[in-house]
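So the chains spell out like this:
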Amino acid sequence: MPIEEKDIAKVAQLAHLELDEAELKVFGPQIADIITYVEQLNELDTANVSPALGGLTPEGEKTDSSRDDETAASLGQKIALAEAPDPAEGHFRVPKVL
Amino acid sequence: MSVKTVEQAITAAENLNETLNAFLEIDREGALQRAAAVADSGGPLAGVPVAVKDNICVLGLQASCGSRILGDYHPPYNATVIERLTQAGGVVIGKTNCDEFAMGSSNENSAFGPVRNPWDTTRVPGGSSGGSAAAVAAGIVPVALGSDTGGSVRQPASLVGVLGLKPTYGRNSRYGLVAFASSLDQVGIFARKVEDVARVLGVIAGRDRHDATTADVPVPDYVAGLTGDLKGARLGFPRALFGAGLDEEVGNAVKAVVDVYRDLGAEIVDVDLPHAKYAIAVYYIIATAEASSNLARFDGVRYGFRAEDTPELRQMYRRTREEGFGAEVKRRIMLGTYVLSAGYYDAYYLKAQKVRTLIKNDFLTSFKSCDALITPTSPSTAFPIGEKVDDPLAMYLNDIYTVTANLAGVPGISVPCGLSAERLPIGFQLLGPYWSEPTLFKLAHAYAQARPFTERPPVFAPSK
């Protein structure tokens, strides 16, 4: 399936990436190449094959990962904000939304 | 091990870093304090210096993941594997360089410059855990941790001539390992001795309530199983994987390993993995799809880098990600977004998950007739820095022998088996059924006893 520059621009928008002109030009053909390569999977008839879901082993699937619903200590405001690029008044501050 | 051992490791890391660029952070003061504190603890790893890939969280140290978008981010907690390693007396001396978010097979995708191979500093050490691999190969530390999503521990181990283990999916906790592709990621171990890999796995493995994908499977005494006795062992030989695309010298070296195993008493069985040739295609759909979702969290709000002068929220997201991520990470986020986007999901992602089932079944079938499989780890020895940077697909094909294990969830270990005519290391890979790490260790150990790999690279820590 041919991939055009406008398809790449659309995907970039979905992925929240602001690609520049040069990147659009380079990524287009590279992604098209890779997509062509992965389309070799179409040689295989998988009509009666179930999809793998996740990477779990049979033992992993059997493992009960539920836990009691109990309160426990969390990071707390100070530590949670320690690495924030723009913390303010105990919150994460972001640019205006509208 | 003593404080002196840790100090020697730190000094070697500092002295060789200009040459190798293996470490992004070296914690001299903290490591010496921790070494003094554990010196008499009697833990199984008391005073052992360890290097840790910079995508695994260590409290007090940075976790950049080789990316500008995290920069000098300092996580507020230890990964579970680090918690256990530290409890056992292991001393983290620093964080190692890697391909950005573990995406790469050469370490050239690090935002902080490539790691160099101690055997030839004009060549790559492999990737993505290249810094950890180089640190062990250069004799800086006896063991290091990395992460393996498609071969990122085994392939660099092979290219620098050390052991590299990717455990069974669910053997080690991923809590505190920065997620790339959650259904494929496992923390792996580098070392120069099989005993050391076994000892470290025994310490870090097991169920963790912070990671729901860790399995409730007992952790055996991995060291006790290293008996050297291979009588009755059956080793599967997938002949079809020794064909086109494999460097002849590497192929011959691995075939010679098969002969050694036969001489040691193992029975060699022909096996077939008919869907292995589709593994790269499946991998690059599933891994990029998972990555596009996992990396959505890097948005400049809660931690890490934020682009300046962005008065509107969505513009801030986009510009932060544009400036913060490198080319390969953007390419994979784009690919993953594409294969998951409306109208394409069934054609790519669902199809890939179905072929993943076929690849899994190939292994399950093979393991009915053998205890483990042998393959090359990498199709070639270490290649020159810069050789493949402009051709992502050629770079992806480096992972042809390693990605199958991640797709199937089975464990694999890369073992050094000599040098090429150019004096570059060659490695072979053993793959086993789920939870067969004891078998892999026994096989690797028996080979290492019979054909010890004692060569040292030109760049090696001085052993004064």
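Use the structure listed above.
Residues numbered from 1 in each chain as written. Chains lettered and ligands numbered in written order. Predicted model: local features only at pLDDT ≥ 70, side-chain atom pairs only at ≥ 80, totals over all residues. Heavy atoms only, no water.

### Here we look at the overall build of chain B
Summing up its helical and strand segments, chain B has 14 helices and 11 strands in all. Whereas a compact globule of 464 residues would reach a radius of gyration of roughly 23 Å, chain B reaches 21 Å, a difference of no more than 12%. Judged by the C-alpha coordinates and their principal axes, chain B covers about 70 × 60 × 45 Å. The buried share of chain B, reckoned over its 464 residues, is 66%. A sequence separation of at least 24 residues applies to 76% of the contacts in chain B between residues at least 6 apart. Counting only carbon and sulfur atoms, one obtains 49% of the accessible surface of chain B, whose full area is about 15200 Å². (Helix = DSSP H or I, 4+ residues; strand = E, 2+ residues; numbered from the N terminus. Rg over C-alpha atoms; globule rule 2.2 N^0.38 Å. Buried < 20%, exposed > 50% of the residue type's maximum accessible area, 1.4 Å probe, protein only. Contact = heavy atoms within 4.5 Å. Areas by Shrake-Rupley, 256 points an atom, 1.4 Å probe, with all protein chains shown as cover.)

### Some points on the environment of B:Lys354
Turning to its location among the elements, B:Lys354 is positioned in helix α11 (residues 345–366). Distance in space between the C-alpha atoms of B:Lys354 and B:Val282 is 9.1 Å, their sequence separation being 72 residues.

### Remarks on the interface of chain A and chain B
Between chain A and chain B, the contact holds 56 residues from the first and 69 residues from the second. Interface of chain A and chain B: buried area, both sides summed, is about 5600 Å²; carbon and sulfur atoms make up 67% of it. Counting across the interface, chain A meets chain B through 3 salt bridges. With a shortest N-O distance of 2.6 Å, B:Lys330 and A:Glu23 are connected by a salt bridge. At the boundary of chain A with chain B, the tally comes to 20 residue pairs in polar contact (both at pLDDT 80 or more). Those elements that provide at least two residues to the side of chain A that touches chain B are α1 (5–14), α2 (21–38), α3 (58–62) and α4 (77–81) of chain A. (Buried area = accessible area lost by both parts, 1.4 Å probe. Salt bridge = Lys/Arg side-chain N within 4 Å of Asp/Glu carboxyl O. Polar contact = N/O pair within 3.5 Å; in protein donor to acceptor, adjacent residues only side chain to side chain.)

### So, the packing of aromatic side chains
The relative placement of two aromatic rings is captured by the distance of their centres and the angle of their planes. Residues and elements named next belong to chain B. Counted according to the given criterion, the structure contains 19 aromatic pairs over all chains. Centre to centre, the rings of Tyr-73 and Tyr-303 are 5.4 Å apart; their planes meet at 50 degrees, and the pair counts as tilted. Taken together, the residues span a long stretch of sequence, with Tyr-73 in the loop between β2 (49–53) and α3 (80–87) and Tyr-303 in the loop between α8 (279–294) and α9 (313–324) at a distance of 230 residues. Sitting above the plane of the Phe-305 ring, Arg-68 keeps its charged end 5.4 Å from the centroid. Directly above the ring of Phe-383 sits Lys-388, whose terminal nitrogen or CZ lies 4.3 Å from the centroid. (Phe/Tyr/Trp six-rings, centres within 6.5 Å; stacked < 30°, edge-to-face > 60°. Lys NZ or Arg CZ within 6 Å of the ring centre and 35° of its normal.)

### Quick word on the side chain of B:Gln429
Residue and element names in this part refer to chain B. Here Gln-429 lies in strand β11 (residues 425–431). Reaching out from Gln-429, the side chain makes a polar contact with the side chain of Arg-154 at a distance of 2.7 Å. Apart from the residues lying within four places of it in its own chain, the contact partners of Gln-429 are Arg-154, Leu-373, Ile-374, Thr-375, Pro-376, Thr-377, Tyr-401, Thr-402, Ile-413 and Ser-414.

### A word on unusual backbone geometry
Residues and elements named next belong to chain B. The step from Gly-127 to Ser-128 runs through a cis peptide bond, and the omega angle for that step is 10 degrees. Mapped onto the elements, Ser-128 comes out in the loop between β3 (91–96) and α4 (130–137). A positive phi is found at Phe-101, a non-glycine position, where the angle reads about 50 degrees. Along the chain, Phe-101 falls in the loop between β3 and α4. Residue Phe-101 is classed as buried on the basis of its relative accessible area of 2%. Positioned with a positive phi, Asn-107 is a non-glycine residue whose angle comes to about 70 degrees. Position of Asn-107 relative to the elements: it lies in the loop between β3 and α4.

### Re the nonpolar core
Residues and elements named next belong to chain B. In terms of nonpolar packing, the biggest core is built from 136 residues, with Phe-101, Leu-145, Tyr-261, Ile-374, Phe-428, Leu-430 and Phe-441 touching the most fellow members. Sort the elements by how many residues they give to this core and α8 lands first, with 11 residues. Discounting chain neighbours no more than four positions away, the residues touching Phe-441 are Leu-165, Val-194, Val-197, Ala-198, Leu-201, Tyr-222, Leu-226 and Ile-413. (Core = buried A, V, L, I, M, F, W, Y, C linked by side-chain atoms within 4.5 Å.)

### A short note on the packing of helix α7 (residues 248–263) of chain B against helix α14 (residues 437–450) of chain B
Residue and element names in this part refer to chain B. Remark: α7 packs on α14, axes separated minimally by 10 Å, with the N-to-C direction vectors making an angle of 95 degrees. Taken together, the axis directions place α7 and α14 in an arrangement best described as roughly perpendicular. Counted together, Val-257, Val-260 and Tyr-261 of α7 and Leu-443, Ala-444, Tyr-447 and Ala-450 of α14 form the full contact between these two elements. Grouping the constituent residues of the contact of α7 with α14 by class yields 7 nonpolar, no polar and no charged. (Axes fitted to C-alpha atoms, helices over the stretch in contact; angles between N-to-C directions. Parallel < 35°, antiparallel > 145°, perpendicular 65-115°, else oblique. Nonpolar A, V, L, I, M, F, W, Y, C, P; charged D, E, K, R; others polar.)

### Thoughts on the pairing of strand β6 (residues 186–191) of chain B
Residue and element names in this part refer to chain B. The buried count for β6 comes to 6 of 6 residues, which makes it a mostly enclosed element. The alternating pattern of β6 places Gln-186, Gly-188 and Phe-190 and Val-187, Ile-189 and Ala-191 on opposite faces, both of which are buried. Note: strand β4 (residues 143–148) against β6, 6 bridges, orientation antiparallel. Counterpart to Leu-145 in the pairing with β6 is Ile-189. The sheet contact formed by strand β5 (residues 163–166) and β6 spans 3 bridges and is antiparallel. From the neighbouring strand, Leu-163 faces β6, where its bridge partner is Ala-191. (Pairing = 2+ DSSP bridges.)

### A short note on the side chain of B:Arg174
Position of B:Arg174 among the secondary structure elements: in the loop between β5 and β6. Note on B:Arg174: relative accessible area 15%, which makes it buried.

### Brief notes about the sheet that holds strand β10 (residues 412–419) of chain B
Sheet strands associate in pairs through backbone hydrogen bonding, adopting either a parallel or an antiparallel arrangement. All names here are of chain B. One open sheet accounts for 11 strands, arranged β1-β3-β2-β4-β6-β5-β10-β11-β9-β7-β8; its pairing is mixed. Each end of this open sheet is capped by a strand with a single partner; those strands are β1 (23–26) and β8 (267–270). If you compare each strand with its neighbour and ignore which way they point, the axes differ by 30 degrees on average. Sheet topology places β1 next to β3; 3 bridges connect them, and they run antiparallel. Paired with Glu-25 across the bridge in β3 is Lys-95. Where helix α6 (residues 194–204) meets the sheet, its contacts fall on β4, β5 and β6, and the angle it forms with β6 comes to roughly 150 degrees. Along the sheet, α14 makes contact with β5, β7 (234–237), β9 (372–376), β10 and β11, crossing β10 at roughly 10 degrees.

### Here's the deal with α9(B)
Owing to its 3.6 residues per turn, the α-helix brings residues three or four apart onto one side. Residues and elements named next belong to chain B. The end-to-end C-alpha distance of α9, which contains 12 residues, comes to 16 Å, matching closely the 16 Å that a straight helix rising 1.5 Å per residue would cover. Leu-313, Met-316, Tyr-317, Thr-320, Arg-321, Glu-322 and Gly-324 are the residues of α9 that are buried. One side-chain oxygen at the N-terminal end of α9 lies 3.3 Å from the backbone nitrogen of Arg-314; it belongs to Glu-312. (Expected span 1.5 Å × (residues − 1).)

### Here we look at the pairing of β2(B)
Residues and elements named next belong to chain B. Burial within β2 is extensive, with 5 of its 5 residues counted as buried. Side chains Pro-49, Ala-51 and Lys-53 project from β2 onto one buried face, and the interleaved Val-50 and Val-52 project onto a second face that is buried too. Taken together, the 5 bridges between β2 and β3 define a ladder with parallel strand orientation. Within the sheet, the bridge partner assigned to Lys-53 lies in β3 and is Thr-96. Crossover handedness for the path β2 to α3 to β3: right-handed. (Right-handed = clockwise from strand over helix to strand, strands pointing away.)

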